[in-house]
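One-letter residues, chain by chain:
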Amino acid sequence: MLQGKHILLIIGGGIAAFKSLDLIRRLRERGATVTPVLTRAGEQFVTPLSVSALAGRKLYRDLFDLGDEAEMGHIQLSRVADLVVVAPATADLMAKMANGHADDLASTLLMATDTPVLIAPAMNVRMWDHAATQRNLVTLKGDGIAVVGPNDGDMACGEFGPGRMSEPMEIVAAIEARLTDGPLSGKRILVTSGPTHEPIDPVRYIANRSSGAQGAAIGRALAALGAEVIFVSGPADAAAPDGVEVIRVETAQQMLEAVEAALPVDAAIFAAAVADWRVASASDRKLKKSKDGLPMLEFAENPDILRMVSQMKHGRPGLIVGFAAETDDVIDNATAKRLRKGCDWIVANDVSPATGIMGGPENAVILITDDGADVWPRMTKDAVARRLAQRIADAL
Ligand code: C5P
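Residues numbered from 1 in each chain as written. Predicted model: local features only at pLDDT ≥ 70, side-chain atom pairs only at ≥ 80, totals over all residues. Heavy atoms only, no water.

A. Seen up close, the packing of aromatic side chains. According to the stated counting rule, one finds 0 aromatic pairs in the structure shown. The ring of Tyr-60 carries the charged tip of Lys-58 above its face, separated from the ring centre by 5.3 Å. Positioned above the aromatic ring of Trp-345, the side-chain terminus of Arg-391 is 5.7 Å from the ring centre. (Phe/Tyr/Trp six-rings, centres within 6.5 Å; stacked < 30°, edge-to-face > 60°. Lys NZ or Arg CZ within 6 Å of the ring centre and 35° of its normal.)

Have a look at this one:
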């Protein structure tokens, strides 16, 4: 239910705007108040009268409307809602948002707002696939904008593929997920995820097989319980969770800097597979084959981020969870690691190749806490993440 919730709905100029009329009805049926904003292009697809009649409220259209400014200035308008929803979010609106334009009412509201934003993209499949749109999407996700859709399917323009706006009920579900309070509402949680890449020279690096799947699932599960998640990710295969702040890094040193910049947090989950060593002096030119023999690489130790944060004297997160990927004596090694690093919990798992865990969809973990070892049955990484998120919610 959305009783008492207020949504500022920005309707962009796409054929999918007709679905936004139904979206207004569905939101109001659930008790939400909807303040509509229609862009100039949006007016080509739905009429101002139908939008304001369905919303049962005044429709806003112009940035420099003297009447509107006297009643409610655009800055105030951008802050009235619990959530700003952009549906349809056209390629143009996404580009404006990603680049900070503020040249009409919709883009100005999106720049001025301090409330969370959810976008439902809708556009032609080629426009969606275009490198510029995909770049903008990454930027917007990194800015903490939540995204629902688009879906695959037949398009009004006769083509087929991703670009169809999500159905009104899918958008309602995404809105409810963001507005329903959870046990972690108001908590700020840092998650590190993925491998790190340590350069040898401009084209070569040392890496590991971490896919980032478990870390991404943990970020999603924490966000689903209402946490504000700061997701620091190395170059991972798995997609970062939607609607969380994503900070991308490559090396362990960069990961440490991103973690330090994210503090203070209520909890920190270190799921990243950080490289223990880097090449002491990476070459700024590509190493060449030479008659003089093989290149010799000298290694230097990387900062142990988990250990450094766990041993902070001031501003230590209230709960710190480390991971231990082991291939033998899992419980003993992980128990010793918890004490050595100084973290509160360790999520330990057996990553011997025979388990298929590294890069696979499942995980079998043992949670090591002050109370000892709790062996969880093998389950999907999503299920591990949900169970861990619930334990974190119980502990905070
Ligand atoms: O020592 P080991 O690499 O096995 O420890 C694994 C745990 O420590 C994981 O939680 C990992 O994210 C964290 N770690 C770290 N910085 C490092 C190495 C590991 O934060 N340089």
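B. Summary view of the packing of helix 5 (residues 91-99) against helix 8 (residues 131-142). Packing of helix 5 against helix 8 leaves a shortest axis separation of 9 Å and a crossing angle of 50°. If you check the angle between helix 5 and helix 8, you find them oblique. With respect to the hand of their crossing, helix 5 and helix 8 are arranged in left-handed fashion. Touching Ala-91, Met-94, Ala-95, Met-97, Ala-98 and Asn-99 of helix 5 are Thr-133, Asn-136, Leu-137, Thr-139 and Leu-140, all from helix 8. In terms of residue class, the contact of helix 5 with helix 8 is made up of 7 nonpolar, 4 polar and no charged. (Axes fitted to C-alpha atoms, helices over the stretch in contact; angles between N-to-C directions. Helix = DSSP H or I, 4+ residues; strand = E, 2+ residues; numbered from the N terminus. Parallel < 35°, antiparallel > 145°, perpendicular 65-115°, else oblique. Left-handed = near helix turned anticlockwise from the far one by under 90°. Contact = heavy atoms within 4.5 Å. Nonpolar A, V, L, I, M, F, W, Y, C, P; charged D, E, K, R; others polar.)

C. View of helix 1 (residues 17-29). The end-to-end C-alpha distance of helix 1, which contains 13 residues, comes to 19 Å, matching closely the 18 Å that a straight helix rising 1.5 Å per residue would cover. Within helix 1, the full set of buried residues consists of Ala-17, Lys-19, Ser-20, Leu-21, Leu-23, Ile-24 and Leu-27. Among the structural elements, strand 1 (6-11), strand 2 (33-38), helix 2 (48-55), strand 3 (83-89), strand 7 (160-164) and helix 9 (168-179) are those in contact with the buried residues of helix 1. Positioned one or two residues after helix 1, Gly-31 has a phi angle of 95°, which is positive. (Expected span 1.5 Å × (residues − 1). Buried < 20%, exposed > 50% of the residue type's maximum accessible area, 1.4 Å probe, protein only.)

D. Examining the pairing of strand 6 (residues 151-154) more closely. Of the pairings in the sheet, the one linking strand 6 to strand 7 comprises 4 bridges and is antiparallel in character. Bridge pairing in strand 7 links Asp-152 to Pro-162. Between strand 6 and strand 7, which pair antiparallel and follow one another directly, the connecting turn spans 5 residues, one of which, Gly-158, has a positive phi of 95°. (Pairing = 2+ DSSP bridges.)

E. The arrangement of the nonpolar core in detail. One finds Ile-189, Ile-218, Leu-222, Phe-231, Ile-269, Leu-388 and Ile-392 to be the most contacted residues of the largest nonpolar core, which totals 34 residues. If you list the elements that add at least two residues to this core, you get strand 8 (188-193), helix 10 (213-224), strand 11 (228-233), strand 13 (267-270), strand 16 (319-326), strand 17 (345-350), strand 19 (365-369) and helix 14 (381-395). With 7 residues, the top contributor of residues to this core is helix 14. When sequence neighbours within four positions are dropped, the list of residues in contact with Leu-388 reads Ile-218, Phe-323, Trp-345, Val-347, Leu-367 and Trp-376. (Core = buried A, V, L, I, M, F, W, Y, C linked by side-chain atoms within 4.5 Å.)

F. Just the site of the ligand, in detail. By nearness alone, every residue bordering the ligand is listed as Phe-270, Ala-272, Val-274, Asp-276, Pro-303, Asp-304, Ile-305, Leu-306, Gly-322, Phe-323, Lys-337 and Lys-341. Within the backbone of Phe-323, an N or O atom sits 2.7 Å from an oxygen atom of the ligand. A distance of 2.8 Å is found between an oxygen atom of the ligand and a side-chain nitrogen or oxygen belonging to Lys-341. Protein coverage of the free-state accessible area of the ligand, which is 440 Å², stands at 87%. Along the lines of polarity and charge, the residues of the shell around the ligand split into 7 nonpolar, 1 polar and 4 charged. (Near = heavy atom within 4 Å. Polar contact = N/O pair within 3.5 Å; in protein donor to acceptor, adjacent residues only side chain to side chain. Areas by Shrake-Rupley, 256 points an atom, 1.4 Å probe, with all protein chains shown as cover.)

G. Inspection of the side chain of Lys-96 at higher detail. Within the secondary structure layout, Lys-96 lies in helix 5. The class for Lys-96 is buried, based on a relative accessible area of 14%. In this structure Lys-96 touches His-101, Asp-103, Asp-104 and Ser-107, once residues within four positions along its chain are discounted.

H. Inspection of the sheet that holds strand 5 (residues 146-147) at higher detail. An order of 2-1-3-4-5 is seen for the 5 strands of this open sheet, with the pairing classed as parallel. Each edge of the open sheet carries a strand with a single partner, namely strand 2 and strand 5. Where strand 4 (residues 117-121) lies against strand 5, 2 bridges are found, and the strand directions are parallel. Paired with Ile-119 across the strands is Val-147, a residue of strand 5. Along the sheet, helix 1 makes contact with strand 1, strand 2 and strand 3, crossing strand 1 at roughly 170°.

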